[in-house]
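Residues per chain are reported as follows:
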Amino acid sequence: MGDAVTLLAWLSPAFPVGGYAYSHGLEQAVEDGEVSDEASLEAWLRDALALGFGRNDAILLQAAHRAAAAGDAAALAEVNDLALAFAPTKELHLETSQQGRSFLDAVRAAWPNERVNGVAMALPGAVAYPVAVGAAAAAHGIDARETAAAFLVAVAQALVSAAVRLAPIGQTAGARIVARLAPLARSLPDEASALSIDDLANATFRLDLGSARHETQYTRLFRS
């Protein structure tokens, strides 16, 4: 129960990572007319989770968890370097690195222990968000799969919140989408637990191109 409460606190919208400022390319998808209602938003999010960042984040988070649990600073740094390099655009790199650094700093300040301090020493610079979450969870003895599932649900909720602000859907429709995506958020970490960083892949080329175009979008609410 304590682990669940900790994850709820860490992945809450109130946790100081600045997640409200990012849309992971969704703002451009709305601008382009690719996301315009409940059905199209759900399809966009499902593909992003299953074929793109969701699957990869589940792999990276659990790889970081294993490295941190083993106290292997070199392996943890390697996972983090790859996670940062895997960000396909400048904005998506900023999104993951800013949230990751903020997350690790906040956990270290509010939930300190020697293992978290060791993680921080191994990751002194930019930190990918899923790597920070996975390593912090390991430092506090929280299960990797549970952490990854909670992380993916939280990310889906954050993107649905972004969509509500962009106005193609309402809050009730957003809640329905999160409920329907929850089984996927549960299954991806289970599948990823048997995978390694060699299994990283991305098939969301349109999202990546949209993210690159968003850098020059004339009016925008979000940083990505």
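The structure this text deals with has already been given above.
Please read all numbers here as calculations on a predicted model, not as lab measurements.

Here is what the cut-offs are and how they apply
Residues numbered from 1 in each chain as written. Predicted model: local features only at pLDDT ≥ 70, side-chain atom pairs only at ≥ 80, totals over all residues. Heavy atoms only, no water. Helix = DSSP H or I, 4+ residues; strand = E, 2+ residues; numbered from the N terminus. Contact = heavy atoms within 4.5 Å. Polar contact = N/O pair within 3.5 Å; in protein donor to acceptor, adjacent residues only side chain to side chain. Phe/Tyr/Trp six-rings, centres within 6.5 Å; stacked < 30°, edge-to-face > 60°. Buried < 20%, exposed > 50% of the residue type's maximum accessible area, 1.4 Å probe, protein only. Axes fitted to C-alpha atoms, helices over the stretch in contact; angles between N-to-C directions. Parallel < 35°, antiparallel > 145°, perpendicular 65-115°, else oblique. Left-handed = near helix turned anticlockwise from the far one by under 90°. Nonpolar A, V, L, I, M, F, W, Y, C, P; charged D, E, K, R; others polar. 1 Å grid on protein atoms, 1.4 Å probe; cavity = no way out; pocket = protein on both sides within 12 Å on 5 of 7 lines; lining within 4 Å. Points joined across faces, edges and corners; volume = space filled by probe spheres on them. Core = buried A, V, L, I, M, F, W, Y, C linked by side-chain atoms within 4.5 Å.

A. Representation of the environment of glutamate 146 within the structure. Mapped onto the elements of the fold, glutamate 146 is located in helix H9 (residues 144–166). Linking glutamate 146 and alanine 4, residues 142 residues apart in sequence, is a C-alpha distance of 8.5 Å. Other than its neighbours up to four places away in sequence, glutamate 146 contacts Leu7 and Arg186. Within polar-contact distance, the side chain of glutamate 146 engages the side chain of arginine 186 at 3.2 Å.

B. Spotlight on the packing of aromatic side chains. Scanning the model with the defined rule gives 6 aromatic pairs in all. With a centroid separation of 5.5 Å and 55° between ring planes, the pair formed by phenylalanine 15 and phenylalanine 103 is classed as tilted. With phenylalanine 15 in the loop between helix H1 (2–10) and helix H2 (26–31) and phenylalanine 103 in helix H6 (residues 90–110), the pair connects residues that are 88 residues apart, well separated along the chain. With respect to burial, phenylalanine 15 and phenylalanine 103 carry one shared label: buried.

C. Looking closely at the side chain of serine 224. By the secondary structure assignment, serine 224 is in the segment after helix H11 (205–214). Among the polar contacts listed, one links the side chain of serine 224 to the backbone nitrogen of histidine 24, at a separation of 3.1 Å. Ignoring any residue separated from it by four or fewer positions in sequence, one finds serine 224 in contact with Ala21, Tyr22, Ser23, His24, Gly25, Glu27, Glu91, Glu95 and His214.

D. Broad picture of the side chain of threonine 89. Looking at the element boundaries, threonine 89 is found in the loop between helix H5 (73–85) and H6. Within the structure, the side chain of threonine 89 is placed 2.7 Å from the side chain of serine 211, a separation counted as a polar contact. Apart from the residues lying within four places of it in its own chain, the contact partners of threonine 89 are Asp208, Ser211, Ala212 and Glu215.

E. Region of interest: the packing of helix H3 (residues 38–51) against helix H10 (residues 171–192). Following both chains from N to C, one finds H3 and H10 inclined at 20°, their axes separated by 10 Å at the closest point. As summarised for this structure, H3 and H10 are arranged roughly parallel, according to the angle between their axes. Here H3 and H10 pass one another in a crossing that is right-handed. Here Glu38, Leu41, Glu42, Leu45, Arg46, Leu49 and Ala50 of H3 come into contact with H10, specifically with Ala173, Arg176, Ile177, Arg180, Leu181, Leu184 and Leu188. Of the residues that constitute the contact of H3 with H10, the class distribution is 9 nonpolar, no polar and 5 charged.

F. Structural detail: empty space enclosed by the protein. Tallied over the full model, the rule gives 1 cavity of 30 Å³ or more. In this structure, the largest cavity occupies an estimated 40 Å³ of space. Residue lining of the largest cavity: Gly25, Gln28, Ala29, Asp32, Glu34, Trp44, Arg206, Leu207, Gly210 and Arg213, and that is the complete set. Breaking the lining of the largest cavity down by element, the ones donating at least two residues are H2 and H11. Among the elements that line the lining of the largest cavity, the one with the most residues is H11, at 4 residues. When the residues that make up the lining of the largest cavity are grouped by side-chain class, the tally is 3 nonpolar, 3 polar and 4 charged.

G. Region of the structure containing the nonpolar core. Core analysis: the largest hydrophobic core is formed by 70 residues, its most contacted members being Trp10, Leu76, Phe103 and Val131. Take this core: its biggest share by element is 11 residues, from H9.

H. Local environment of unusual backbone geometry. We note that histidine 24 has phi near 55°; this positive angle belongs to a residue other than glycine. Within the secondary structure, histidine 24 sits in the loop between H1 and H2.

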